[in-house]
Amino acid sequence: MGTIRECQKDTQFVIHRLEIENFYSIRDQQVIDLVAAKSATAESGRLVPIGPGASEFAPLVVALFGPNASGKSTALRGLFFLSWFMRDSFIHGIEKALPLNRFADEESLGAPTRLAIRLNGPRDPIRGEKDDHESCTYEYEVILGGASGSPQKVIAESLKYWPLETHRPVNLFKRDRNGQVKAHKAFGLTGYKSALEK
């Protein structure tokens, strides 16, 4: 696992915000926002731009601290779950339970789980060139729900970005509780209709 600066050289994708709700030991919505204050600069060597050409900065090194059972591991578990879900959940099988637990009180066991991350990536998702000198913000969100005691299912899933020209969010991909998927041409889902229906 490299530093943010190394990640920028390789992929240009830097996670700078994590939102977690009703996930293991975290009940209420928690937001970890790594974007530094507008007055902060990178001169100290402790901050780096959140993406190529970005005017916002994030810490080069991040540490989580707090007492036992305060949610430190749960925050990391949220990142690991999102990584697994985006990459491997398609082969997991719809009949299998997802590898997560909700907060263990009566109200939360019947409530949805929500996870979201924000990161910077190519300003043009159609081209997606690594040598792009500017980047914009992307957000991936998944909401999972189901009756208490039953496996969680996807209620909603989306990927959107904020183009530099308009700063208004554009959905690249959106899935609803009925499994209906709408995708922007930049997401390239043409030919995958039968797979999506599964």
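Calculation criteria
Along each chain, residues carry numbers from 1 onward, in the same order as the chain's sequence is written. This being a predicted model, a pLDDT of at least 70 is required before a residue's local features are given, and a value of 80 or more before pairs of side-chain atoms are given or counted; all residues contribute to the totals for chains, interfaces and linings. Side-chain measures here rest on the full set of heavy atoms in the structure, leaving out hydrogens and waters. Every helix listed is a DSSP run of H or I at least four residues long, and every strand listed is a run of E at least two residues long, numbered separately from the N terminus. Using a 1.4 Å probe, the Shrake-Rupley method yields the accessible areas, and only the shown protein chains count as cover for residues. In this scheme, patches are assembled from residues that exceed 30% relative accessible area and form no salt bridge. Like charges are connected within 9 Å, while nonpolar side chains (Val, Leu, Ile, Met, Phe, Trp, Tyr) are connected within 5 Å. Here a salt bridge means any side-chain nitrogen of Lys or Arg lying within 4 Å of a carboxyl oxygen belonging to Asp or Glu. Between buried and exposed lies partly exposed: a residue is buried under 20% and exposed over 50% of the maximum accessible area for its type, with that area taken using a 1.4 Å probe on protein chains only. Between any two strands, at least two bridges found by DSSP are needed for them to pair. Think of each axis as a best-fit line through the C-alpha atoms, taken over the contacting stretch in the case of a helix, with angles from 0 to 180 degrees between the N-to-C directions. Note on contacts: a residue pair is in contact if any heavy atoms of the two residues lie within 4.5 Å. The term polar contact refers here to a pair of N or O atoms within 3.5 Å; inside protein, the definition further demands a hydrogen-donor-capable atom paired with an acceptor-capable atom, and it admits residues adjacent in sequence only when both atoms are side-chain atoms.

> I'd like to hear about the overall build of the protein, residue by residue, with values.
When its secondary structure is counted, the protein shows four helices and nine strands. Total accessible area computed for the protein in this model is approximately 12500 Å², and 54% of it derives from carbon and sulfur atoms.

> Which residues make up a nonpolar patch on the surface, and what values do they have?
On the surface, a cluster of nonpolar side chains totalling about 390 Å² of accessible area is made up of V62, L64, L76 and F80. Under the relative-accessibility criterion, L64 is labelled partly exposed at 41%.

> So, the sheet that holds strand 6 (residues 135-145): which residues are in play, and what are the values?
Strand order in this open sheet of seven strands is 2-1-5-6-7-8-9, and the pairing throughout is antiparallel. Either end of the sheet is taken by a strand with one partner, and the two such strands are strand 2 (30-33) and strand 9 (181-183). Strand-to-strand twist across the sheet, computed as the mean angle between neighbouring axes with direction ignored, equals 15°. When strand 8 (residues 170-175) meets strand 9, the two strands line up antiparallel, connected through three bridges. Counterpart to F173 in the pairing with strand 9 is A183.

> Outline the environment of R17, listing residues and values.
You can see R17 is positioned in strand 1 (residues 14-21). Discounting residues that sit within four places of it in the chain, R17 has contacts with V31, I32, D33, A116, I117 and R118. Within polar-contact distance, the side chain of R17 engages the side chain of E19 at 2.8 Å.

> Got a sec to walk through unusual backbone geometry? Specific residues and values, please.
For residues other than glycine, phi is negative in most cases, and the peptide bonds are mostly trans. The phi torsion at N22 lies on the positive side, around 55°, for a residue other than glycine. Note on placement: N22 falls in the loop between strand 1 and strand 2. For N22, a relative accessible area of 3% gives the class buried. The residue H167 is not glycine, and still its phi comes out positive at about 60°. Assignment of secondary structure puts H167 in the loop between strand 7 (153-161) and strand 8.

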